[in-house]
Amino acid sequence: MEFETNEAMMEYCRSTGRTYVVFSLSQASKDLGNIILELYTDIAPATCANFLRLVKGGQFSYKGTPIHRIVRSGWVQGGDVVDGSGKGDPGFSLPDETFAVKHDGPGVLGMAHKGQPHTAATQFYIALEALPFLDGKRVAFGRALTKQCLRDLQSLQSLPNFMNERPVPDVMISNCQVLYEP
């Protein structure tokens, strides 16, 4: 999806009744783009509320955390608000709210978990392509909104990384904020 103006995008946001957030990504002070995410608040309200709480900040926040994993032709993963390693445990977990949203293309936003049902907490992923093997196993609850966001996400795959798929130097969520909330 593309919009001719920011006002056209905001009109679209208002028309859906959903919440929209934006992540600004950077690497070594270089801007890597802004990722606008549409949260499916009508489909997965509890999961979206948890994600939105982390966007807004408080005890835990996505701001200043790394994208700790980039799986080529797979997904981009971040959201470890404890120590940024991908193994941090914030001390809570979420039930798997719904599997209604399918991983049918690039840009799908979902909650990562610890390999077992009902163990998602703060870590999220954004699909770089369709990931149907995650259907019924991971809660998807949104999507990247524009074609430019998808291009920016795809470009992360070309960054150098460690063998554990962590980009070098770190890609950071330098800022995150609510773009629109009904």
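Rules used throughout
- Residues numbered from 1 in each chain as written.
- Predicted model: local features only at pLDDT ≥ 70, side-chain atom pairs only at ≥ 80, totals over all residues.
- Heavy atoms only, no water.
- UniProt positions renumbered as here; feature names shortened; annotations may be inferred.
- Helix = DSSP H or I, 4+ residues; strand = E, 2+ residues; numbered from the N terminus.
- Buried < 20%, exposed > 50% of the residue type's maximum accessible area, 1.4 Å probe, protein only.
- Contact = heavy atoms within 4.5 Å.
- Areas by Shrake-Rupley, 256 points an atom, 1.4 Å probe, with all protein chains shown as cover.
- Lys, Arg positive; Asp, Glu negative; His and termini not counted.
- Charge placed at Lys NZ, Arg CZ, Asp CG, Glu CD.
- Arc of directions from axis to C-beta.
- Core = buried A, V, L, I, M, F, W, Y, C linked by side-chain atoms within 4.5 Å.
- Pairing = 2+ DSSP bridges.
- Phe/Tyr/Trp six-rings, centres within 6.5 Å; stacked < 30°, edge-to-face > 60°.

- The name given to the chain in an unreviewed UniProt entry is Peptidyl-prolyl cis-trans isomerase, with the source organism recorded as Gonium pectorale.
- We quote the UniProt Sequence similarities (unreviewed entry) comment for the chain here in full: "Belongs to the cyclophilin-type PPIase family."
- Among the UniProt annotations of the chain, the heading Catalytic activity (unreviewed entry) holds the following wording: "[protein]-peptidylproline (omega=180) = [protein]-peptidylproline (omega=0)".

### Considering the overall build of the chain
Logical step 1: Helix and strand content of the chain: three helices and eight strands.
Logical step 2: When burial is assessed residue by residue, the chain has 51% of its 182 residues classed as buried.
Logical step 3: The long-range share in the chain, meaning contacts at least 24 apart out of those at least 6 apart in sequence, stands at 69%.
Logical step 4: Carbon and sulfur atoms make up 52% of the accessible area of the chain, which amounts to about 8,500 Å² in all.
Logical step 5: For the chain, the distance from the average position of its 17 positive side-chain charges to the average position of its 19 negative side-chain charges is 4 Å.

### Quick notes on the UniProt feature "domain: PPIase cyclophilin-type" (unreviewed entry) in the chain
Logical step 1: The UniProt feature table records "domain: PPIase cyclophilin-type" (unreviewed entry) at residues 22-178.
Logical step 2: End C-alpha atoms of residues 22-178 are separated by 6 Å, and the span's content is 13% helix alongside 30% strand.

### Structural notes on helix H3 (residues 147-155)
Logical step 1: Within the span of H3, buried status applies to Cys149, Asp152 and Leu153. Seen from one end, H3 has its buried residues packed into an arc of 100 degrees, which puts them on one side.
Logical step 2: Looking at the buried residues of H3, the elements they touch are strand S2 (30-39), strand S4 (75-78), strand S6 (124-127) and strand S7 (140-144).

### Some words on the nonpolar core
Logical step 1: Core analysis: the largest hydrophobic core is formed by 43 residues, its most contacted members being Phe23, Leu37, Phe51, Tyr62, Phe124 and Leu156.
Logical step 2: If sequence neighbours within four positions are ignored, Phe23 has contacts with Gly33, Asn34, Ile35, Leu37, Phe51, Val55, Tyr62, Phe124, Ile173, Asn175 and Cys176.
Logical step 3: Counting eleven residues, the second-largest nonpolar core is a separate cluster that includes Tyr40, Tyr125, Leu131 and Leu134.

### Overview of the pairing of strand S1 (residues 19-27)
Logical step 1: Counted residue by residue, S1 has nine buried out of nine residues, so it is predominantly covered.
Logical step 2: Residues Thr19, Val21, Phe23, Leu25 and Gln27 point to one face of S1 and Tyr20, Val22, Ser24 and Ser26 to the other, with burial holding for every one of them.
Logical step 3: Relative to S2, S1 runs antiparallel, the two sharing nine bridges. For Thr19, the partnering residue across the bridge sits in S2 and is Leu39.
Logical step 4: Counting the residues that bridge the hairpin from S1 to S2 gives two residues, and of these Ala28 lies at a positive phi of roughly 50 degrees.

### Here we look at the packing of aromatic side chains
Logical step 1: Following the criterion strictly, the structure yields nine aromatic pairs and no others.
Logical step 2: Between Phe3 and Tyr12, the ring centres sit 5.6 Å apart and the planes meet at 45 degrees, which makes this aromatic pair tilted.
Logical step 3: You can call Tyr12 partly exposed: its relative accessible area is 22%.
Logical step 4: Taken together, the ring pairs connect Phe23, Phe51, Tyr62, Phe124 and Phe141 into an aromatic cluster.

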